[in-house]
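Spelled out from the first residue to the last, the chains are:
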Amino acid sequence: MELPPKVKNILLLDSEGKRIAAKYYSGDWPTNTAKEAFEKAVFSKTQKTNARTEVEVTALENNIIVYKFVQDLHFFVTGGEEENELILASVLQGLFDAVNLLLRGNADKREALDNLDLIFLCFDEIIDGGIVLETDANVIAEKAGINSIDPNAPLSEQTISQALATAREHLTRSLMK
Amino acid sequence: RKGVFGRSAMAQPFVKKDDDHDDEMEYSPFMGIEKGAVLQEARVFNDAQVDPRRCSQVITKLLYLLNQGESFTKVEATEVFFSVTKLFQSKDTGLRRMVYLIIKELSPSSDEVIIVTSSLMKDMNSKIDMYRANAIRVLCRIIDGTLLTQIERYLKQAIVDKNPVVSSAALVSGLHLLRTNPEIVKRWSNEVQEGVQSRSALVQFHALALLHQIRQNDRLAVSKLVGSLTRGSVRSPLAQCLLIRYTSQVIRDMSNHGQSGERPFYEFLESCLRHKAEMVILEAARAITELDGVTSRELTPAITVLQLFLSSPKPVLRFAAVRTLNKVSMTHPMAVTNCNIDMESLISDQNRSIATLAITTLLKTGNESSVERLMKQITNFMSDIADEFKIVVVDAIRSLCVKFPLKYRSLMTFLSNILREEGGFEYKRAIVDSIVTIIRDIPDAKEGGLLHLCEFIEDCEFTYLSTQILHFLGIEGPKTSDPSKYIRYIYNRVHLENATVRAAAVSTLAKFGFMVDSLKPRITVLLKRCIYDSDDEVRDRATLFLSVLGGDGTLDADKDSKEFLFGSLEVPLANMETSLKNYDPSEEAFDINSVPKEVKSQPLAEKKAQGKKPTGLGAPPAAPASGFEGYERLLSSIPEFASFGKLFKSSSPVELTEAETEYAVNVVKHIFDNHVVFQYNCTNTIPEQLLERVNVIVDASEAEEFSEITSKALNSLPYDSPGQAFVAFEKPAGVPAVGKFSNTLTFVVKEVDPSTGEAEDDGVEDEYQLEDLEVVSADYILKVSVSNFRNAWESMNEEDEHVDEYGLGQRESLGEAIKAVIDLLGMQPCEGTETVPSNARSHTCLLSGVYIGNVKVLVRAQFGMDSSKEIAMKLAVRAEDVSVAEAIHEIVANG
C-alpha cells in the first residue's frame with residue numbers, strides 16, 4: 001500500500017460486451033484469452049445495471065471495478081481490492097468526460113470507432129503504466145485532441161491571440177538561451 | 001474535426017451501404033480489417049512525401065489490431081517500427097502524437113531503439129511542450145541504463161520544467177525507471193523535492209510518489225518527510241491520499257518500536273476527515289480503521305464520516321463506506337452498530353454489491369432482538385440477487401445462528417425457504433452445509449432440520465447433494481425421537497431417482513433398520529423390494545444389507561455389522577482403487593488387508609487442508625493411516641508397540657532419500673513417554689523389482705540415551721505400492737533425549753518379469769544407504785494453540801517466568817529469524833504473530849505448545865533488527881513447570 005494508487009486496466013466495451021478499446025497495466029491477465037474472459041465477466045456482471053447518471057461500482061475477482069455507460073458505450077476502470085474506489089472513480093469520470101468532449105457530445109460506438117485514434121490518445125493521457133497521469137477531463141481532451149494548428153505553420157493561419165502567444169514564447173525562449 | 005476515418009472518405013471501401021439495412025448493418029471502419037493488408041498499407045510510411053492524414057489512419061489500424069489481441073511476429077514488428085521511425089521527418093503534430101503511441105506499443109528491442117533515440121532526444125528539447133512531455137515518456141519506456149545516463153541531465157531539467165505536463169511526464173517516468181535503475185533515479189532527489197512544492201496538483205502528486213519511493217528504505221527520512229508535509233499544505237487530493245498512506249506506514253513502524261502514549265500523527269489523520277475532497281476523507285477514514293489496535297475513541301470520528309457516506313446519492317461513496325464498515329464489523333462490531341439504521345435502508349439499494357455488503361455487515365453487528373426483522377428484509381431481497389451474493393448471505397446466516405442459538409428457528413425457516421427456491425449447485429450446497437452445521441451445533445434444531453433436508457431431497461436435481469443428505473440422515477435420523485417419519489422420504493428415493501441416489505437410499509434404510517429394532521421388520525420388507533432393482537449396485541447393496549439385518553443377533557455379529565455400516569474405510573480410497581484394479585479375479589478372494597494404508601503422493605499441505613474442513617457434508621473421514629489418530633491406530637494395532645502407552649506426538653514425514661531415486665523412503669518419528677518409534681515409509685519405484693524382507697538397520701552410536709529394543713521388517717515391497725518398516729527405541733522416561741541416527745535399508749531383490757509380473761524365486765541381498773535422521777527437542781513439544789494468548793499468559797505464574805536474551809546473528813530478514821526459532825521449538829504460533837509486516841524492524845511472536853509430560857508452555861519472543869541486519873531476541877517463557885521453562889531456554893541456547 002505504500003505505492004501510489006494503481007489502475008489495473010481501462011476498458012471501453014460496446015453494448016454486447018465486445019472490446020472497442022482496452023489497456024491493461026497489470027500482469028493479472030497475461031494472455032488475450034484471459035483479458036477477454038475478464039471483460040466478459042465484467043460485462044455480464046454489470047450489463048443489467050443502470051450506470052448512466054452516476055458512476056457505479058462492483059467487486060469482481062478481488063478487484064474493484066467502477067463503471068459508467070453512455071449510449072452503447074460501456075466504460076470501466078479496474079483497481080485492486082485495496083484501492084480507494086473514489087480515486088478510481090475520478091479516473092473513470094475523467095475518461096468519460098474527456099471522451100464525451102472529444103466526440104462533441106455524440107458519444108456512441110460509431111463515433112468512437114470513427115475517432116479511435118482519439119480514444120487511444122485519451123487512454124494514453126490518463127494513465128501511464130498504471131499510474132494516474134491526469135484526471136481533469138478538459139486537460140485530457142485538450143492533450144489528446146490533436147491540435148490541428150501546426151505550431152510551425154505560417155502566422156497568417158493562426159488566430160491573433162495564438163500568434164501572440166507563440167511570439168511571446170519565441171521571445172522568452174530566445175532570451176533564456 | 002472529422003475523425004481519422006471521416007465517414008465519407010473511409011467508410012465506403014469497407015461497407016456497401018444499403019439504405020434499407022442502414023440500422024441493421026453494424027457500421028465499423030474496421031470491418032473486414034486484416035493484418036496482412038494493414039502491414040502492406042504501412043509501406044506508405046516509406047513514401048518520400050509523407051501524407052500525415054493517411055499515415056495516422058494506418059497507425060490507428062495497427063493500434064486497433066494490437067488492441068484486439070492480434071500479435072505481430074518479430075519480423076513484422078521490426079519492419080513496422082523501422083518504417084514508423086521515418087515519420088519523424090513530418091512536422092505534423094497529430095501524426096507525431098500517433099508515432100509516439102505506436103512506438104510504445106511495439107516495444108522495440110534495445111538494438112532497435114538506437115534508431116529513434118536521436119529523434120526522441122531532439123523532441124525532448126523541442127520548444128513544443130507536447131513533444132517534450134511525450135518524447136520523455138516514450139524514451140524512458142524503451143531505453144536501457146547506459147542510454148539513461150546520457151539523457152539524465154535532460155530528465156532532471158524536465159522535472160523542474162515550467163510546464164506541469166512535462167514535469168509530470170518526467171516524474172512518472174522516474175517512478176517506472178526506479179525499478180530498473182534505482183541508483184540513477186536516486187540522484188534526482190533535489191529536483192523531485194522541488195516538484196513536491198509545485199503549484200500544480202498533479203506534479204505535486206507525482207513528485208511526492210517518487211520522493212517517497214526514493215527514500216522508502218530510509219525510515220527516518222520517510223518519517224521526516226511525513227512530519228514536514230503533514231504540517232504544511234499539500235494541495236492535490238491525490239497527493240493528500242498518498243500522504244495519508246505514508247503516514248499510516250510511519251505510524252505502523254513507530255508502534256513496532258514500542259512507542260507508547262498518544263499515537264503520533266493521529267491528529268493529522270483525523271483532520272483529513274474534514275478535508276473537502278471525498279477521496280481524502282475516505283482514505284483517512286480507512287487509514288484510521290486499519291490502525292493497529294485502534295481504540296474506539298480513535299474509531300468514532302472515522303465511523304461518523306463513513307455513516308454520512310452511507311446516505312450519499314453517489315453509489316461509489318455508499319459502496320466505499322459500507323465496504324469499510326463491513327471490515328470494521330469483523331473486529332469491532334460494537335463500533336458499527338450506530339450505523340445499523342442507515343445500513344438497513346441499503347438492503348434495497350439498486351446496486352446489489354452495496355446491498356449484499358450491507359446485509360452481511362448487519363448480520364455481523366445485529367443483536368439478538370433484530371434477527372427476525374432482518375430476516376424479513378433479507379427474504380425480499382434474496383429473490384433478485386445473483387447466486388454468488390446469496391452464498392455470501394447464507395454463510396453470514398450460518399455464523400449468526402452459531403452466535404445466537406436461541407434464534408435458530410427463524411434462521412432455519414429462512415434457510416429452508418430459500419432451499420426450496422431456484423438456485424445453482426454451489427448455492428444449494430451452501431444452504432445444505434449451513435443446515436447441517438446448525439443441526440450439529442444446536443441439538444434442538446435437529447429434528448426440524450432433518451425434515452427440511454428430507455423435503456429438499458424430494459425434489460432435488462443434484463445427485464451429489466441427495467447422496468450426501470441420505471448419508472447424513474442415516475447417521476442422525478435413527479437417533480431422533482421418531483425415526484419412522486423419515487423412512488417415507490428415503491424409500492421414495494428408491495422409486496424416483498437415478499441409480500446412485502437409489503443405492504445411497506438403500507444404505508440409509510439399512511442403517512435405520514440396524515439401529516432401530518422396532519423398524520427392522522418393516523425395513524426388511526422394503527429392502528426385499530429393492531433386490532429386483534434394474535441397477536446391480538442397488539441390488540447388491542440390498543442383498544448385502546438384508547443378510548446383515550438377518551444376522552443371528554449375537555453380540556459379535558452385531559459389532560461386525562455396526563463396524564461395517566457405520567465404520568469408515570480403513571484404507572485410502574485411491575489405494576483401494578489401485579489394488580482392486582490390480583486384482584485378478586481368481587479363486588483367491590480379495591483381501592482388504594493387502595491394500596496399503598499409507599496415503600501416497602498426496603502433498604502434506606493438501607492433507608492438512610482436508611483436515612481443517614469439518615463443516616458440512618463434504619468432509620470425508622480422514623485417511624486412517626495419516627494424521628495423529630491414524631498413526632495412533634496404526635501403532636496400537638502392532639503388538640510389539642502396544643505396551644508403549646499413549647502416543648505423545650508424531651512428526652511430519654522427513655525425507656531420507658533424494659527425489660526420484662530407486663527407493664523412496666521417509667520417516668515419521670513417533671514419540672512415547674519412554675519410547676521412540678521410527679516409521680519408515682518405503683516405496684519401490686522400479687517396476688522390474690520386487691523387494692522382500694525390507695528392514696532398516698539403525699546405527700544409534702550418536703544417540704547415547706537411546707537403545708534399540710525391537711524392529712519390524714516389511715515382508716514384501718512390490719513396485720509402487722508403499723509399505724512400512726518400524727524400529728523402536730527405549731529412552732529415559734519423560735526426558736527429551738536428542739540424538740542422531742544413521743540408517744541403512746536392507747532387503748532382498750527379486751527380478752520381476754515385466755510381461756507376466758511374476759517374480760523370480762531367487763533373490764539377491766542388497767542394501768541402500770539412507771540419509772541420517774535426528775531426534776530434536778522440537779519433537780517433544782506439541783503444537784497446541786490457545787484461543788486467547790494474553791489470558792493464558794496472565795493465568796500462568798509470573799514468578800516462574802524465565803527471561804533471557806539471545807543474539808541470532810545476521811539474517812536475511814526478521815521473518816527468517818522468526819521462522820528459524822519456531823522450527824527449532826516446534827511450537828504453535830498464535831494470533832498470526834508468525835507473519836512480520838514488511839519493513840518491520842522489530843516484532844513480537846507468541847508461541848504456545850505442550851511439552852512432553854503434558855506441561856503447557858507459552859513463549860513470548862521479541863525480535864529486533866539493527867541496520868546491519870543483526871538480530872537480537874528476548875525470550876520470555878512461562879510454563880506450568882519451572883523446569884520446562886528452563887528446558888525451552890536450553891533448546892534455544894543449544895540451537
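All of the points below concern the structure found in this document. (Residues numbered from 1 in each chain as written. Chains lettered and ligands numbered in written order. Predicted model: local features only at pLDDT ≥ 70, side-chain atom pairs only at ≥ 80, totals over all residues. Heavy atoms only, no water.)

## Some words on the overall build of chain A
Okay, so step 1: Looking only at helices and strands, chain A has 6 helices and 7 strands in total.
Okay, so step 2: Listing each helix as α and each strand as β along chain A from the N terminus yields β-β-α-β-β-β-α-α-α-β-β-α-α.
Okay, so step 3: When the 177 residues of chain A are sorted by exposure, 56% land in the buried category.
Okay, so step 4: Restricting the contact set of chain A to residue pairs at least 6 apart, pairs at least 24 apart contribute 47%. (Helix = DSSP H or I, 4+ residues; strand = E, 2+ residues; numbered from the N terminus. Buried < 20%, exposed > 50% of the residue type's maximum accessible area, 1.4 Å probe, protein only. Contact = heavy atoms within 4.5 Å.)

## Some details on the layout of surface pockets
All names here are of chain B.
Okay, so step 1: Its boundaries defined by the atoms lining it, the second largest pocket holds a volume of some 1500 Å³.
Okay, so step 2: Surrounding the second largest pocket, 44 residues form its lining, Ser594, Val595, Pro596, Pro718 and Ser721 being those nearest its centre.
Okay, so step 3: Those elements giving two or more residues to the lining of the second largest pocket turn out to be helix 33 (573-582), strand 5 (689-702), strand 7 (714-717) and strand 8 (723-730).
Okay, so step 4: When grouped by side-chain class, the residues that make up the lining of the second largest pocket number 19 nonpolar, 15 polar and 10 charged. (1 Å grid on protein atoms, 1.4 Å probe; cavity = no way out; pocket = protein on both sides within 12 Å on 5 of 7 lines; lining within 4 Å. Points joined across faces, edges and corners; volume = space filled by probe spheres on them. Nonpolar A, V, L, I, M, F, W, Y, C, P; charged D, E, K, R; others polar.)

## Thoughts on the side chain of B:Ser312
Okay, so step 1: Mapping B:Ser312 onto the fold places it in the loop between helix 17 (296-310) and helix 18 (315-331).
Okay, so step 2: With residues near it in sequence (within four places) discarded, B:Ser312 still touches B:Leu317 and B:Arg318.

## Examining the pattern of salt bridges
Okay, so step 1: Enumeration according to the criterion identifies 46 salt bridges over all chains in this entry.
Okay, so step 2: Residues A:Glu82 and B:Lys327 are paired through a salt bridge, measuring 3.9 Å at the closest nitrogen-oxygen approach. Here the residue A:Glu82 occupies a position in the loop between strand 5 (73-80) and helix 2 (85-102), and B:Lys327 occupies one in helix 18, the pair thus bridging two chains.
Okay, so step 3: Judged by relative accessible area, A:Glu82 falls into the partly exposed class, the value being 38%.
Okay, so step 4: Judged by its relative accessible area of 41%, B:Lys327 falls in the partly exposed class.
Okay, so step 5: Each of A:Asp124, A:Glu125, A:Asp128, A:Lys143, B:Arg97, B:Lys104, B:Arg137 and B:Arg141 takes part in a single network of salt bridges with overlapping partners. (Salt bridge = Lys/Arg side-chain N within 4 Å of Asp/Glu carboxyl O.)

## Remarks on empty space enclosed by the protein
Residue and element names in this part refer to chain B.
Okay, so step 1: Tallying each qualifying case throughout the model produces 3 cavities of 30 Å³ or more.
Okay, so step 2: Taken as a whole, the second largest cavity spans an internal volume of roughly 40 Å³.
Okay, so step 3: Lining the second largest cavity we find Arg286, Thr289, Glu290, Arg323, Thr324 and Lys327.
Okay, so step 4: In terms of residues, the lining of the second largest cavity owes the most to one element, helix 18, which gives 3 residues.
Okay, so step 5: Of the residues assigned to the lining of the second largest cavity, the class counts are no nonpolar, 2 polar and 4 charged.

## Focus on unusual backbone geometry
Okay, so step 1: One non-glycine residue with positive phi stands out, namely A:Gln71, at about 45°.
Okay, so step 2: As for its placement among the helices and strands, A:Gln71 is situated in the loop between strand 4 (63-70) and strand 5.
Okay, so step 3: When its relative accessible area of 54% is taken as the criterion, A:Gln71 is described as exposed.
Okay, so step 4: The residue B:Asp720 is not glycine, and still its phi comes out positive at about 60°.
Okay, so step 5: Of the residues examined, B:Asp720 reaches a relative accessible area of 37% and is grouped as partly exposed.

## Description of the nonpolar core
Residues and elements named next belong to chain B.
Okay, so step 1: Core analysis: the biggest nonpolar cluster contains 245 residues, and Phe45 and Ile378 have the highest contact counts within it.
Okay, so step 2: When neighbours within four sequence positions are excluded, Phe45 is seen to be in contact with Cys55, Val58, Ile59, Leu62, Ser83, Val84, Lys86 and Leu87.
Okay, so step 3: One finds Val667, Val698, Ile871 and Met873 within the second-largest nonpolar core, a separate group that totals 65 residues. (Core = buried A, V, L, I, M, F, W, Y, C linked by side-chain atoms within 4.5 Å.)

## Focus: the packing of aromatic side chains
Okay, so step 1: With the rule as written, the count across this model stands at 26 aromatic pairs over all chains.
Okay, so step 2: Between B:Phe81 and B:Phe82, the ring centres sit 5.8 Å apart and the planes meet at 55°, which makes this aromatic pair tilted.
Okay, so step 3: Every member of this aromatic cluster is reached through a ring pair, and the members are B:Phe678, B:Tyr680, B:Phe706, B:Phe729 and B:Phe741.
Okay, so step 4: When the ring centre of A:Phe96 is taken as reference, the NZ or CZ atom of A:Lys68 above it lies at 4.4 Å.
Okay, so step 5: When the ring centre of B:Tyr489 is taken as origin, the NZ or CZ atom of B:Arg488, which lies over that ring, is 4.5 Å away. (Phe/Tyr/Trp six-rings, centres within 6.5 Å; stacked < 30°, edge-to-face > 60°. Lys NZ or Arg CZ within 6 Å of the ring centre and 35° of its normal.)

## Describing the pairing of strand 8 of chain B
Residue and element names in this part refer to chain B.
Okay, so step 1: When you tally the buried positions in strand 8, you get 7 out of 8 residues, the bulk of the element.
Okay, so step 2: As defined by bridge partners, strand 4 (residues 675-684) adjoins strand 8 across 8 bridges and the pair is classed as antiparallel. Paired with Val676 across the two strands is Phe729, which belongs to strand 8.
Okay, so step 3: Summarising the sheet, strand 6 (residues 707-712) and strand 8 pair through 5 bridges and their orientation is antiparallel. Considered in strand 8, the bridge of Lys712 is made with Phe726. (Pairing = 2+ DSSP bridges.)

## Description of the environment of A:Asn115
Okay, so step 1: Assignment of secondary structure puts A:Asn115 in the loop between helix 3 (109-114) and helix 4 (116-126).
Okay, so step 2: Along the primary structure A:Asn115 and A:Val99 are separated by 16 residues, whereas in three dimensions their C-alpha atoms are 9.8 Å apart.

## Thoughts on the environment of B:Ser348
Okay, so step 1: Relative to the helices and strands, B:Ser348 resides in the loop between helix 20 (340-345) and helix 21 (352-365).
Okay, so step 2: Through-space distance from the C-alpha of B:Ser348 to that of B:Ala358 is 9.6 Å; in sequence the pair is 10 residues apart.

## Focus on the interface of chain A and chain B
Okay, so step 1: Between chain A and chain B, the residue contacts involve 62 residues of the former and 70 residues of the latter.
Okay, so step 2: At the junction of chain A with chain B, the criterion picks out 12 salt bridges.
Okay, so step 3: Our count for the chain A to chain B interface comes out at 23 residue pairs in polar contact (both at pLDDT 80 or more).
Okay, so step 4: Ranked by residue count, the leading element in the side of chain A that touches chain B is helix 4 of chain A, at 7 residues.
Okay, so step 5: Tallied by class, the residues present in the side of chain A that touches chain B amount to 26 nonpolar, 10 polar and 26 charged. (Polar contact = N/O pair within 3.5 Å; in protein donor to acceptor, adjacent residues only side chain to side chain.)

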